[in-house]
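# Descriptive structure summary
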Amino acid sequence: MPGVTVFVDIDATPDEVWADVERIEDHVEWMADAESITFLGDVRRGAGVRAEVATRFGPFRTTDVMEFTEWDPPRRMAVRHVGLFTGVGAFTLTEIGPGRTRFMWSERIEFPWFFGGAMGAWLARPVFRWVWRRNLRHLAARFSGPGSPGPASPGTH
């Protein structure tokens, strides 16, 4: 599948955003498509962490097995998907001004042949983009509230 990249600008520093997203077990609070996360081992942070994520996209449900391959606080975490759907993904945090972070989410997912292979993955891109942009709005909302400098601005590449 050609990659999908979405981003949101958040009114918080990269360190503040990282402190939230490094708690992998809390991703279900802002990722609408992630129903539960089960760690495969005792380690919860860093490269090498493995987890099963019960995922739902509309009527489709699967267990996404992920291995965290990069962990570079507060800049980047990356995963390899090794379940039914394979591929790679990354969160990249960039300071874009005092107290502001651009949070970028990039994924490249390969579909199995019985889900249409490369054509199925290509056709699914708009759905992934829509769901992940919504997830990023939920993430940004975790940093907004009284006294917030302004709304987050979601974008797509």
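For the structure itself, look to the data block above.
Predicted model only: the values in this text are computed from it and were never measured.

## Digging into helix H2 (residues 117–141)
What sets the pattern is the α-helix's 3.6 residues per turn: residues three or four places apart point alike. A rise of 1.5 Å per residue sets the reference length of H2, with its 25 residues, at 36 Å; its end C-alpha atoms lie 35 Å apart and thus fit the reference within 8%. The sharpest bend along H2 reaches about 40° and sits at Ala124, with the proline Pro126 one to four residues further on. Residues of H2 that are buried include every one of Gly117, Gly120, Ala121, Ala124, Arg125, Phe128, Val131, Trp132, Asn135, Leu136, Leu139 and Ala140, and no others.

## Details of the nonpolar core
Counting residues in each nonpolar core, the largest one holds 38 residues, and the members touching the most others are Ile10, Trp30, Phe68, Phe103, Trp105, Trp132 and Leu136. When residues of this core are assigned to their parent elements, the largest contribution, eight residues, is made by H2.

## Comments concerning the pattern of salt bridges
Taken as a whole, this structure holds twelve salt bridges when the rule is applied. The salt bridge involving Glu35 is made with Arg56; its shortest N-O contact spans 3.5 Å. Taken together, the residues Glu35 in strand S2 (residues 34–39) and Arg56 in strand S3 (residues 50–57) connect sequence positions 21 residues apart. Looking at Glu35, the relative accessible area reads 40%, which means it is partly exposed. On the basis of relative accessible area, Arg56 is assigned to the partly exposed category, the value being 37%. The residue Arg80 makes a salt bridge to Glu67 at a minimum N-O spacing of 2.7 Å. Taken together, the positions of Arg80 in strand S5 (residues 76–82) and Glu67 in strand S4 (residues 60–72) put the pair 13 residues apart, joining distant regions of the chain. Classification of Arg80 as partly exposed rests on a relative accessible area of 36%. Residues joined in a network through salt bridges with shared partners are Asp20, Arg23, Asp26, Glu29 and Arg142.

## Let's talk about the layout of surface pockets
To find the voids left in a structure, one rolls a probe of water-molecule size over its atoms. Roughly 690 Å³ of volume is contained in the largest pocket. Together, 33 residues line the largest pocket, and Asp33, Thr55, Phe57, Phe128 and Trp132 are the ones closest to its centre. Contributing elements (two or more residues each) for the lining of the largest pocket: S2, S3, S4, S5, strand S6 (86–97), strand S7 (100–110) and H2. If you tally residues by element for the lining of the largest pocket, the top one is S4, at six residues. In the lining of the largest pocket, the residues fall into 22 nonpolar, six polar and five charged.

## Section: the packing of aromatic side chains
According to the stated counting rule, one finds 15 aromatic pairs in the structure shown. For the ring pair Trp18 and Trp71, a centre distance of 5.5 Å and an interplane angle of 80° mean the geometry is edge-to-face. One end of the pair, Trp18, is in helix H1 (residues 14–21); the other, Trp71, is in strand S4, with 53 residues separating them in the sequence. Note on accessibility: Trp18 and Trp71 belong to one class, buried.

Cut-offs applied
- Residues numbered from 1 in each chain as written.
- Predicted model: local features only at pLDDT ≥ 70, side-chain atom pairs only at ≥ 80, totals over all residues.
- Heavy atoms only, no water.
- Helix = DSSP H or I, 4+ residues; strand = E, 2+ residues; numbered from the N terminus.
- Expected span 1.5 Å × (residues − 1).
- Bend = angle between axes of the 7 residues up to and from the residue.
- Buried < 20%, exposed > 50% of the residue type's maximum accessible area, 1.4 Å probe, protein only.
- Core = buried A, V, L, I, M, F, W, Y, C linked by side-chain atoms within 4.5 Å.
- Salt bridge = Lys/Arg side-chain N within 4 Å of Asp/Glu carboxyl O.
- 1 Å grid on protein atoms, 1.4 Å probe; cavity = no way out; pocket = protein on both sides within 12 Å on 5 of 7 lines; lining within 4 Å.
- Points joined across faces, edges and corners; volume = space filled by probe spheres on them.
- Nonpolar A, V, L, I, M, F, W, Y, C, P; charged D, E, K, R; others polar.
- Phe/Tyr/Trp six-rings, centres within 6.5 Å; stacked < 30°, edge-to-face > 60°.

Function-wise, these values are silent; they only describe arrangement.
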